[in-house]
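These are the residues of each chain, in order.
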Amino acid sequence: MACFLAPVTEAVIVTAVEKKMEAGTKDTVTVENSEGVVKIPLRRKLKWLTRMLWGGAFLLAFEHVWHGEVTAWFPFLTAMSNAEDTAEMLKEIGTTGVCMAALITAVWAGICRAADSIMNRKTDEETEVAKA
Amino acid sequence: MTLLITIYAAVIATVIWYRRKDDSMKLGILCFMYWGAALMWLVDAFFEYFELGAEYFTPSGQDMLNDTFLGLAAVALGLIVWVVRLLVTDPTGSVRRALKKEG
């Protein structure tokens, strides 16, 4: 009905946070700290999350237009036409929509963890040098 | 079918991104868009499965055809968004060069 609104809400918040960080620093390149640990900046990671949220929500919104659940005229959502459908729509946003946003965020957290791990992985050559 | 088609599109886009020579084609956007949609449709599929049970796996021919159409249209829309963004941002300066050229 309008489950894509939950990821859209998260996308708006994350984009605002990312833009606020952008105002503070332009740095998106990976940095190596004094202990030799390579870190990917949070701003760059947030970009991945916003792209997944906005992109996914956009295609999902297209599906709702396809099914005639989103219209070009007020109130834009057909489920808003009566109280019963509105209640069902809100329930769907609270269940399916929130689960969608949660899954995307969980997968993004996994991607960030994997990316940090890949950046700090030693190549075969580096392992040989360390052994020698 | 929509979910399956989007997953295939996401995997193909990711493989092409992995094999890229440089980042000029901005394939990352396409990957994130398809994976985001695929994950969202996966949640949708779970909820539908809990509602319908085994019936979920035996859709009618018309439903399957409609879902296939929708999946292909969603993939096409994703490609349009990506190519428009590529032309507008013009990372290699190709559009600018073409516009500068006389004739």
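This report concerns the structure included in the present document. (Residues numbered from 1 in each chain as written. Chains lettered and ligands numbered in written order. Predicted model: local features only at pLDDT ≥ 70, side-chain atom pairs only at ≥ 80, totals over all residues. Heavy atoms only, no water.)

1. Some words on the overall build of chain A
Phase 1: When helices and strands are counted, chain A shows 4 helices and 2 strands.
Phase 2: Taken from N to C terminus, the helices and strands of chain A fall in the order α-β-β-α-α-α.
Phase 3: Counting every position in chain A, which comprises 132 residues, the buried fraction comes to 33%.
Phase 4: For chain A, the exposed surface amounts to about 8100 Å²; the carbon and sulfur share of it is 64%. (Helix = DSSP H or I, 4+ residues; strand = E, 2+ residues; numbered from the N terminus. Buried < 20%, exposed > 50% of the residue type's maximum accessible area, 1.4 Å probe, protein only. Areas by Shrake-Rupley, 256 points an atom, 1.4 Å probe, with all protein chains shown as cover.)

2. What to know about the overall build of chain B
Phase 1: Looking only at helices and strands, one finds 4 helices and 0 strands in chain B.
Phase 2: Reading the secondary structure of chain B in the N-to-C direction produces α-α-α-α.
Phase 3: Overall size of chain B, expressed as C-alpha extent along the three principal axes, is 60 × 30 × 20 Å.
Phase 4: Looking at the 103 residues of chain B, the share that counts as buried comes to 34%.

3. Considering helix H1 (residues 5-24) of chain A
Phase 1: The terminal C-alpha atoms of H1(A), which comprises 20 residues, lie 29 Å apart, in line with the 28 Å expected from a rise of 1.5 Å per residue.
Phase 2: Those residues of H1(A) that are buried lie in contact with helix H2 (42-66) and helix H3 (83-119) of chain A together with helix H2 (27-52) of chain B. (Expected span 1.5 Å × (residues − 1). Contact = heavy atoms within 4.5 Å.)

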